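# Structural overview for review
Chain by chain, the residues:
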Amino acid sequence: MNARKLLQPRYSPLEAGITLFVALLIVEIGTLWMAKPARVNVTRTTAATSPLPAVKLAEMAKADDPNAHRRPYTFTSDWFTTRLPSWKVALAPYVGRSGLSYLEIGAFEGRSLFWMLDHVLTAADARAAAIDLFNGPYAATYRNNLEVSGSAGKVTTLTGYSQVVLRGMPLDSFDVIYIDGSHLPFDVLEDAVLCWRLLRADGLMIFDDYANIGIGHDYQGDIQLTGELWHPRKAIDPFVQCLGDRCQVIHNDFQLIIRKVK
Ligand SMILES: C[S@@+](CC[C@H](N)C(=O)[O-])C[C@H]1O[C@@H](n2cnc3c(N)ncnc32)[C@H](O)[C@@H]1O
């Protein structure tokens, strides 16, 4: 090979331009890919990964039950009827009990609340308290459903942040408390701690989305939260572990249900 040939450029200007363009394109795509938010991983854990006792009252239903309610309520979402099998077993001893008192944090349109009123809080002197921010169109749906229920006289509706409202409620006053409001771990922890002294001995505390980790909605700011931010269980496990023998885990699945022993 002679020296002249060696000194000749190996690529034409066009080839060099195309190579440079492709290289820049790869760098740009790589930068964009690294900058995009982490993919949302929806992890549904099972009782097997829970540090709490592996007990189950019933399997969760595989599909929503559109016939779960007795009256012509209006609901736009169903975050409840798949949980019904374990509720039916856990709540059977409370059905129709005189003086029964139920507290729900996160009433929304009332799907769980009105099921309780129609199936469990059936005694004339049974009562329910429903806390929610009621800061969206669902508030009107809730009010309408309350009329449809025919049980408005049994229900106290409280508007505001549960973490504030709970502080004004009487101790030892509820037999069943359902925590289904904010799913941010610290809010859940605060709800749980505040509710504990509101719960009567032998009462039940039910936590929604115990095994639902990863994706949810922050209703307080309408911000989509993912991963560790939306993780009720992060609060529930240490809360229950701190209670020790003061509570008994009776259902550990998608929801967690504990009974107050003392
Ligand atoms: C998943 S929905 C509850 C569903 C309802 N239990 C049902 O069966 O249809 C959660 C509700 O919690 C309410 N919420 C969220 N954060 C809250 C807070 N800090 N205090 C009170 N309510 C809250 C929301 O406004 C929303 O209506």
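One can find the structure itself at the top, above this paragraph.
What counts, and at which threshold
Residues numbered from 1 in each chain as written. Predicted model: local features only at pLDDT ≥ 70, side-chain atom pairs only at ≥ 80, totals over all residues. Near = placed C-beta within 6 Å. Nonpolar A, V, L, I, M, F, W, Y, C, P; charged D, E, K, R; others polar. Buried ≥ 20, exposed ≤ 12 C-beta atoms within 10 Å, placed from the backbone. Helix = DSSP H or I, 4+ residues; strand = E, 2+ residues; numbered from the N terminus. Pairing = 2+ DSSP bridges. Right-handed = clockwise from strand over helix to strand, strands pointing away.

### Details of the site of the ligand
Near the ligand, the surroundings consist of 20 residues, among which Gly106, Phe108, Ser112, Gly181 and Ser182 are the closest. Residues belonging to the shell around the ligand are distributed by class as follows: eight nonpolar, seven polar and five charged.

### Section: the pairing of strand β10 (residues 256–260)
Counted residue by residue, β10 has four buried out of five residues, so it is predominantly covered. Across four bridges, strand β6 (residues 199–207) lies against β10 in antiparallel orientation. Following the sheet pairing, Leu204 is matched in β10 by Arg259. Two elements, strand β9 (residues 247–252) and β10, share five bridges in a ladder whose sense is antiparallel. When the sheet's bridge partners are listed, His251 is paired in β10 with Ile257.

### Looking at the pairing of strand β3 (residues 127–132)
Every other side chain in a regular strand lies on the same face of the sheet, so the side chains alternate between the two faces. Of all the six residues making up β3, six are buried; the element is thus mostly covered by neighbouring parts of the structure. Alternating positions in β3 separate into two faces, Arg127, Ala129 and Ile131 on one and Ala128, Ala130 and Asp132 on the other, with burial throughout. Relative to β3, strand β2 (residues 101–105) is paired through five bridges, and the arrangement is parallel. Bridge pairing in β3 links Ser101 to Arg127. A crossover connection joins β2 to the parallel β3 through helix α4 (residues 111–119); in handedness this β-α-β unit is right-handed. On the question of chirality, the crossover connecting β3 to the parallel strand β4 (residues 155–159) by way of helix α5 (residues 138–149) is right-handed.

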